[in-house]
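Take a look at the letters that make up each chain.
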Amino acid sequence: MKELDNQRLVWIYTQMLRIREFEERVKGTFEEYPGVIRGHTHLADGAEASIVGSLATLRPSDQLMATYRCHGYPLALGTDPKAMMAEIYGRSTGLCGGYGGSMHLVDTERGFLGTSGIVGQGIPQATGAAYAAQIRKQDQVVLCFFGDGASKQGAFSESLNVASLWKLPIVYVMENNSYNVVTRVEQEDANAAAGEPLAMKAKAFSMPGVTVDGGDPIAVYEAVGAAVDRARSGAGPTLVESKVYRLSAHGNIIAPPGVPLHYPEHEAIEVFGAREEYEAALRGDPVPRFRARLISDGSLTVDAADQIAAHVREEMQVAVQFGIDSPYPEPEAALHNVYA
Amino acid sequence: MAREIPYIAAINEAIHQEMARDESVLYFGQNLATTENDEFLKAFGSDRVRVTPISETAEIGMAVGAAIAGMRPVVELYMAEFMLVAMDQVVNEAPRFRYMSGGRVKVPLVLKAGYGFTAGWAGQHTGSIYGMFMGIPGLKVALPATAADAKGLMATAIRDENPVCYFHHYLLTLEPGEVPEGEYLVPFGQASVRRSGGDVTIVATGWMVGKALAAAESLAAEGIEAEVIDPRTLVPLDIDTILSSVEKTGHVVLVDQATRHASASALIAAEIADHGFSALKAPIKQVTALDASVPYSEPMEAYVLPDEAKILCAVHQVLGTAPVAA
């Protein structure tokens, strides 16, 4: 694992800010341009430190797969936010031509092999990509991102068993945001109910399991980095439980056509009436927290931080405008790409 | 050079030859290559040939991921029903990925699944479940009825850039047939006319092809010439060959080992009604399994399955002729 130099720390902060700004613009689209975003959209705000800290460990030839909450990863990998926003807006200029939308971003050239919209089902797929990497023998590692809810799927158990058995070069990054949609983790997870970390599930598969503060990108970088090193050395997989707090609701409201879509308040407030829990999470927001840390240790000046923020705001404004100005696909294009 | 080998040997030969030809072809699944004597393991090594735990979701899901990452996995599933354990991966993952990515990825994989083991395996290992995979855009379905097709369709399935469900019929496992040596590909979407005839079109798949041909011989003795068509792949379906035959005969009997509403014949009947109605001189007749799970006990099992007598009866019904007493 490489030491994070100043330049890399600033890169991490910049990517975190880009993800935050992108997600805020997606959320804002529901108000600014009603009807432009269809279906169900899931935001990564709150998970930026975990996402960027994880991806900072990778080499360009490494790969990853993720879930329907997928906007953060490609942004940090260098995917054009214009193409991403256009995809979320269903435009022909979108990253996937409007075929996939918010839940199914793919950018194979940057190692992002895709997502499953079905909870837990991407885990065996990432495991298969790691099997392919093991056979290719080019020292590639695969990161597999999923949520705490997915760890109750059979796909999770089946995959971790094979990965450990075959010593596959994969790191399982479980973003534990404490909520499975509107169900609290201790309502549906035996480890959580017993007051134990979810990372202990790794023990059942004879692999290391670690829990890390997913709000601290350096802590995530170190935990995932150690796991990536282990995977690359041929020693096998690791389960990293990254504790994050999703700052938006699970997704926009699920509503039949005719009902304007919007983002409700977080489940802590909306469902459980636990406003203090949510406000505590806001006070620990990883983005301002990391900014303050970089400024206080002299890695970043206030001016430079403000400049980054201004640049990122402009970049994402351009992305929104690009998406809005882009044409829809020709309807007949619906019959392309069914078969290769 | 063709020589006679069993259906199962033809399948294995295709996998072996494709693995020799292309090192991205993998072969894994339950209960294979558990000793060093395994032919595939000896030839291709433990990177490419692996035994898996009883974890169908992991097996098929890993095949999807490995395929996206550039490999061509063949998953040994033994029983077609084992796919049901991992239905999300088969139906809602493998065939969707390419489309949802706007063509950025491809998912070339083969799910090798035995079916129709109506030899006392009772309700859960005997199904003819291919029909449920016919309406899934992105998925292909192959259904070899002969040893030669078993080889040629497997080789084509492995080279196809899409996920393919390859259903081989358990009761044909040891059935010998002439199979070409060396590279042999049977194209998808080209039905085989197993027997020509001008009086009635019989469409049959898998184990039912043999029964249809036997029925056709009996009919010939009565002066009725049946054309027997084996679609060989259900997706893509060569409806043109079927419609051309219907144009000629005007009479159709569809034979399918599946229960009626889960059968391929129901869909073929709909296509004929849609595109070939004016050629029909009588209603389409389907000979399918009766609407029950497959029972264990032999007399009951035989009762629910299509057979030669039921095919003959259906042909006489559509032709309005009386069967000639034996």
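Quick notes on the rules
- Residues numbered from 1 in each chain as written.
- Chains lettered and ligands numbered in written order.
- Predicted model: local features only at pLDDT ≥ 70, side-chain atom pairs only at ≥ 80, totals over all residues.
- Heavy atoms only, no water.
- Pairing = 2+ DSSP bridges.
- Helix = DSSP H or I, 4+ residues; strand = E, 2+ residues; numbered from the N terminus.
- Axes fitted to C-alpha atoms, helices over the stretch in contact; angles between N-to-C directions.
- Contact = heavy atoms within 4.5 Å.
- 1 Å grid on protein atoms, 1.4 Å probe; cavity = no way out; pocket = protein on both sides within 12 Å on 5 of 7 lines; lining within 4 Å.
- Points joined across faces, edges and corners; volume = space filled by probe spheres on them.
- Nonpolar A, V, L, I, M, F, W, Y, C, P; charged D, E, K, R; others polar.
- Core = buried A, V, L, I, M, F, W, Y, C linked by side-chain atoms within 4.5 Å.
- Buried < 20%, exposed > 50% of the residue type's maximum accessible area, 1.4 Å probe, protein only.
- Domains from an automatic or database assignment.
- Parallel < 35°, antiparallel > 145°, perpendicular 65-115°, else oblique.
- Left-handed = near helix turned anticlockwise from the far one by under 90°.
- Phe/Tyr/Trp six-rings, centres within 6.5 Å; stacked < 30°, edge-to-face > 60°.
- Lys NZ or Arg CZ within 6 Å of the ring centre and 35° of its normal.
- Buried area = accessible area lost by both parts, 1.4 Å probe.
- Salt bridge = Lys/Arg side-chain N within 4 Å of Asp/Glu carboxyl O.
- Polar contact = N/O pair within 3.5 Å; in protein donor to acceptor, adjacent residues only side chain to side chain.

**Here's the deal with the sheet that holds strand β13 (residues 252-259) of chain B**
Residue and element names in this part refer to chain B.
Then, number 1: Taken together, the 5 strands give an open sheet; going across it, the order is β9-β11-β10-β13-β14, and neighbouring strands pair in mixed fashion. The sheet is open, and its two borders are formed by β9 (192-195) and β14 (285-289), each paired with just one other strand. Strand after strand, the sheet turns through a mean of 25 degrees between neighbouring axes, direction not considered.
Then, number 2: Relative to β14, helix α10 (residues 308-319) is tilted by about 165 degrees, and along the sheet it contacts β10 (200-204), β13 and β14.

**Details of the layout of surface pockets**
Residues and elements named next belong to chain A.
Then, number 1: One number sums up the size of the largest pocket: a volume of about 500 Å³.
Then, number 2: Counted by class, the lining of the largest pocket contains 11 nonpolar, 10 polar and 3 charged residues.
Then, number 3: In this model, the second largest pocket occupies a volume close to 360 Å³.
Then, number 4: What lines the second largest pocket is a set of 29 residues, among which T67, Y68, R69, F146 and G147 lie closest to the centre.
Then, number 5: Counting residues per element, the lining of the second largest pocket draws most heavily on strand β3 (residues 142-147), which supplies 3 residues.
Then, number 6: Of the residues in the lining of the second largest pocket, the class split is 14 nonpolar, 10 polar and 5 charged.

**Some words on the nonpolar core**
Then, number 1: Core analysis: the biggest nonpolar cluster contains 139 residues, and V171(A), Y172(A), M83(B), F133(B) and F167(B) have the highest contact counts within it.
Then, number 2: Per-element accounting of this core gives the leading share, 10 residues, to helix α1 (residues 6-32) of chain A.
Then, number 3: Here this core spans two domains, since at least three of its residues come from each of domain 1 (2-180) and domain 2 (192-319) of chain B.
Then, number 4: Dropping the residues within four chain positions of it, V171(A) is found in contact with V141(A), V142(A), L143(A), C144(A), V224(A), A227(A), V228(A), A231(A), T238(A) and V240(A).

**A short note on the sheet that holds strand β2 (residues 112-116) of chain A**
Residue and element names in this part refer to chain A.
Then, number 1: Strand order in this open sheet of 6 strands is β2-β1-β3-β4-β8-β7, and the pairing throughout is parallel. Edge positions in the sheet fall to β2 and β7 (209-213), since each of these pairs with one other strand and no more. The mean angle between the axes of side-by-side strands here comes to 20 degrees, regardless of whether they run parallel or antiparallel.
Then, number 2: Sheet topology note: the β7/strand β8 (residues 238-243) ladder contains 5 bridges and is parallel. Counterpart to T211 in the pairing with β8 is E241.
Then, number 3: Sheet contacts for helix α6 (residues 154-165): β3, β4 (170-176) and β8; angle to β4, the most-contacted strand, approximately 150 degrees.

**Overview of the packing of α1(A) against helix α13 (residues 302-325) of chain A**
Residue and element names in this part refer to chain A.
Then, number 1: For the pair α1 and α13, interaxial distance at closest approach is 9 Å and the crossing angle is 40 degrees. Relative to α13, the element α1 is oriented oblique. Taken as a pair, α1 and α13 cross one another with a handedness that is right-handed. Of α13, the residues touching α1 (which contributes V10, Y13, T14, L17, R18, E21, F22 and R25) are I308, A309, V312, R313, E315, M316, Q317 and V320.

**Focus on the packing of helix α2 (residues 48-55) of chain A against helix α9 (residues 217-232) of chain A**
For any two helices packed against each other, one specifies the crossing angle of their axes together with the interaxial distance.
Residue and element names in this part refer to chain A.
Then, number 1: The interhelical angle for the contact between α2 and α9, taken along N-to-C directions, is 40 degrees, at an axis separation of 8 Å. Overall, the two elements α2 and α9 adopt an arrangement that is oblique. As for how α2 packs across α9, the hand of that crossing is right-handed. Across from A49, S50, G53 and S54 in α2, the residues of α9 making contact are P217, V220, Y221 and V224.

**With respect to the packing of aromatic side chains**
Then, number 1: Under the counting rule described, the total for this entry stands at 20 aromatic pairs over all chains.
Then, number 2: Consider the rings of F146(A) and Y172(A), whose centres lie 6.4 Å apart with planes at 65 degrees: the pair is edge-to-face. Placement of the pair is F146(A) in strand β3 and Y172(A) in strand β4, with a sequence separation of 26 residues.
Then, number 3: Taking relative accessible area as the criterion, Y172(A) reaches 0% and is therefore assigned buried.
Then, number 4: Measuring from ring centre to ring centre gives 6.2 Å for Y130(B) and F167(B), while their planes differ by 75 degrees; the resulting arrangement is edge-to-face. One end of the pair, Y130(B), is in the loop between β5 (109-115) and β6 (140-142); the other, F167(B), is in strand β7 (residues 163-169), with 37 residues separating them in the sequence.
Then, number 5: Taken together through their ring pairs, the aromatic side chains of F146(A), F156(A), Y172(A) and F205(A) make up a single cluster.
Then, number 6: A cation over a ring is seen here: K82(A) above F322(A), with NZ or CZ 5.9 Å from the ring centre.
Then, number 7: If you follow R91(A) out to its NZ or CZ, it ends over the ring of Y328(A), 4.1 Å from the centre.

**A closer look at the domain arrangement of chain B**
Residues and elements named next belong to chain B.
Then, number 1: Split into domains, chain B comes out as domain 1 (2-180) and domain 2 (192-319).
Then, number 2: Between the C-alpha centres of domain 1 and domain 2 the distance comes to 26 Å.
Then, number 3: Listed per partner, the contact involves 28 residues of domain 1 and 23 residues of domain 2.
Then, number 4: In total, about 2000 Å² of surface goes out of reach between domain 1 and domain 2, with carbon and sulfur atoms giving 61% of it.
Then, number 5: Counting across the domain 1 and domain 2 interface gives 2 salt bridges.
Then, number 6: Between R194 and D149 there is a salt bridge, with its nearest N and O atoms 2.6 Å apart.
Then, number 7: Counting across the domain 1 and domain 2 interface gives 11 residue pairs in polar contact (both at pLDDT 80 or more).
Then, number 8: For the side of domain 1 that touches domain 2, the secondary structure elements donating two or more residues are β6 and α5 (147-159).

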